[in-house]
Amino acid sequence: MSRFPEGFLWGGATAANQFEGGFSEGGKGVNSSDCTTRGSRTKPRMVTYKTKDGEVKAVPMFGMNVTEDVEYGCFEGYDYPSHDGIDFYHRYKEDIALFGEMGFKTFRLSINWARIFPTGMEETPNEEGLKFYDDVFDECAKYGIKPLVTLSHYETPIGLANAWGSWTDARTIECFCRYVKTVGERYKGKVEYWLTFNEINIAGMSPWMSSGVGANNPQVVADISKHQLIASAKAVQILHEIDPNNKVGNMVAYGAVYPYTCHPNDVIASKQKAHDTHFYFDVQARGYYPSYKLKEYEREGVSFSLTDEEKETLKNGTVDFLSFSYYMSSVVSTDPEVLGKKAEGNMGLGGVPNPYLKASDWGWQIDPTGLRIALNELWERYQKPLFIVENGMGAQDVLEADKTCHDDYHIDYLRDHIKAMADAINIDGVELWGYTPWGCIDLVSASTGEMHKRYGFIYVDYQDDGTGEGDRYRKDSFYWYKKVIASNGEDLD
Ligand code: BG6
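This structure is a prediction, so every number in the text was calculated from the model and none was measured.

K.L.:
I keep staring at the overall build of the protein and nothing clicks. Help me out?
P.N.:
Along the backbone of the protein there are 15 helices and 15 strands. For a compact globule of 493 residues, the expected C-alpha radius of gyration is about 23 Å, and the protein comes in at 21 Å, within 12% of that figure. The dimensions of the protein, computed from C-alpha atoms along their principal axes, are 55 × 55 × 45 Å. Expressed as a percentage of its 493 residues, the buried residues of the protein come to 60%. Of all intrachain contacts in the protein linking residues separated by at least 6 positions in sequence, the fraction that spans at least 24 positions is 74%.

K.L.:
I keep staring at the sheet that holds strand 3 (residues 56-60) and nothing clicks. Help me out?
P.N.:
For sheets, the rule is that strands pair by backbone hydrogen bonds, running either parallel or antiparallel. Spatially, 3-2-4 is the arrangement adopted by the 3 strands of the open sheet, whose pairing is antiparallel. The open sheet is flanked by strand 3 and strand 4 (71-72), the only strands paired with a single partner. As paired elements, strand 2 (residues 46-50) and strand 3 share 5 bridges and run antiparallel to each other. Within strand 3, the position partnered with Tyr-49 by the bridge is Lys-57.

K.L.:
When you look at the pattern of salt bridges in this model, what are you seeing that I'm missing?
P.N.:
Oppositely charged side chains can form a pair if their charged atoms are brought close together. Using the criterion set out here, one finds 35 salt bridges in the structure. Where Asp-134 meets Arg-186, a salt bridge forms, and the shortest distance between an N and an O atom there is 2.8 Å. Here Asp-134, found in helix 4 (residues 127-142), pairs with Arg-186, found in helix 6 (residues 171-186); they are 52 residues apart in sequence, far enough to count as distant. You can call Asp-134 buried: its relative accessible area is 10%. We classify Arg-186 as partly exposed; its relative accessible area is 27%.

K.L.:
Teacher, can you tell me more about the side chain of Asn-112 here?
P.N.:
By the element assignment, Asn-112 lies in the loop between strand 5 (106-110) and helix 3 (113-116). Looking at Asn-112, its side chain comes within polar contact range of the side chain of Asn-31, at 2.7 Å. Those residues in contact with Asn-112, other than ones at most four positions away along the chain, are Ala-16, Glu-20, Lys-28, Asn-31, Tyr-133 and Glu-155.

K.L.:
Hey, could you run me through helix 9 (residues 264-286) in this one?
P.N.:
Residues three or four positions apart in an α-helix share a direction because the helix packs 3.6 residues into each turn. Its 23 residues place the ends of helix 9 only 29 Å apart at the C-alpha level, less than the 33 Å of an ideal helix rising 1.5 Å per residue. Along helix 9, the sharpest change in direction is near 45 degrees and occurs at Thr-277. Positioned one or two residues after helix 9, Gly-287 has a phi angle of 90 degrees, which is positive.

K.L.:
Explanation requested: the site of the ligand in the structure shown.
P.N.:
Close to the ligand lie 15 residues, the nearest being Glu-199, Glu-390, Ser-447, Lys-453 and Tyr-455. In this structure, Glu-390 approaches the ligand through a side-chain N or O atom, which is 2.7 Å from an oxygen atom. Within the side chain of Ser-447, an N or O atom sits 2.5 Å from an oxygen atom of the ligand. When the free accessible area of the ligand is taken as 370 Å², the share hidden by the protein chains comes to 99%. For the shell around the ligand, the per-class residue count stands at 7 nonpolar, 5 polar and 3 charged.

K.L.:
It is not clear to me how the pairing of strand 5 should be interpreted in this structure. Could you clarify?
P.N.:
As a general feature of sheets, a regular strand has side chains that alternate between the two faces. Counting buried residues in strand 5 gives 5 out of 5 residues, a clear majority hidden from the surface. Covered by surrounding structure in strand 5 are Thr-106, Arg-108 and Ser-110 together with Phe-107 and Leu-109, the residues of both alternating faces. Pairing of strand 1 (residues 9-13) with strand 5 involves 3 bridges; the strand directions are parallel. Residue pairing for strand 5: Gly-12 is matched across the bridge by Phe-107. As defined by bridge partners, strand 5 adjoins strand 6 (residues 146-152) across 5 bridges and the pair is classed as parallel.

Parameters and conventions
Residues numbered from 1 in each chain as written. Predicted model: local features only at pLDDT ≥ 70, side-chain atom pairs only at ≥ 80, totals over all residues. Heavy atoms only, no water. Helix = DSSP H or I, 4+ residues; strand = E, 2+ residues; numbered from the N terminus. Rg over C-alpha atoms; globule rule 2.2 N^0.38 Å. Buried < 20%, exposed > 50% of the residue type's maximum accessible area, 1.4 Å probe, protein only. Contact = heavy atoms within 4.5 Å. Pairing = 2+ DSSP bridges. Salt bridge = Lys/Arg side-chain N within 4 Å of Asp/Glu carboxyl O. Polar contact = N/O pair within 3.5 Å; in protein donor to acceptor, adjacent residues only side chain to side chain. Expected span 1.5 Å × (residues − 1). Bend = angle between axes of the 7 residues up to and from the residue. Near = heavy atom within 4 Å. Areas by Shrake-Rupley, 256 points an atom, 1.4 Å probe, with all protein chains shown as cover. Nonpolar A, V, L, I, M, F, W, Y, C, P; charged D, E, K, R; others polar.

Here's what the structure looks like:
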């Protein structure tokens, strides 16, 4: 008996802001991601804006808290990696052909909202933008690839940010719903799998990266989350009305949270930390705010309420399946001595280092068993089908003189995680629909803006110093993943 169910959706994942390019083409507007500069592991990405006095400023994206009234934008002298991405805008046929060659059953990509509604606020959509995705989805169909479309992946039209602080303001919900209705109707029959907000919980870590919001405090995060949770519930209903075949999922950055020791204080602290991510699943899967979140808001002095209509919306807009990105687990301690050691690089999840795990070159701790634990936790809590829509390891690949790339570390990482998935399915009985490893083709890193943090099966010859022609080359992992898909996960050697 095969370890993976028939029809299992093997594929790969990308996001418009990290690979599309075509910055000022086809009537596209400017996004929050377009105003974020290239960084590195040691140099932060910066967000650029103009003050009321006309002064251009740049502040680090992580930790930013801009409370004055400013105008976000792109300015001379800064290097913005989303503007070129890897030029999927022009090379999509070549890229999708490579995905087809690997045997992808699904391809996760996001629609660039500002390509459809340039400022986010228009009444009518931009036909050229709609046409672009028609072409992309038609190309996928040629290879039997089902698109898995994220509606909002780390980019918000800058028009909304400059008009009213984007997702801090409830008016953004209506703009988003107009966009969802537009793309839902347009791509009816072409797209069946949808995700509402990418890593909706990352608003708590970087409101700018996740939602195009420059300010950051508990009230701001609560407002963003409320508006996005309502917008997500409305999107589920809109897409179901348009086509009952539509399957709509949420998307959360998720990893198991371990207590550092069996001291009860560590255990309760780890459970409280897990609330940060369970909160979003709870609302999107169950349709109401959990008690621990309401208590947290009370403690923090966050003003929060829901009207009866909003409660109804959340109740009627629960998702069909739960999706998540999985890169690492995290560890929580209450011991001041242990707390002194921060898990460097554990993006978003934080915590202290796990002495049993190795980490990637960017400090992300590698834990395949944590994926099985995560799958079990979600399955036990919600009993809804699961979909792993991101997983992988950023690494410094080398393109050899003969244009080969020997990335056995990627193969090892993915093999171990696929084995953990198989165990979750076969030993634990988890229902898993699919697996789309992140950055199936090399693209720009979200946290650092670099090109040389590479995840892909396909090497893209663009370098951070602006050199390279963008040509695509199959890595060793390309041939390996092709075998994995062809054997439906049986041949992992
Ligand atoms: C997830 C995001 O957080 O992790 C992606 O959804 C991102 O957009 C991915 O690219 C990997 O992170 P990074 O920083 O290595 O690109």
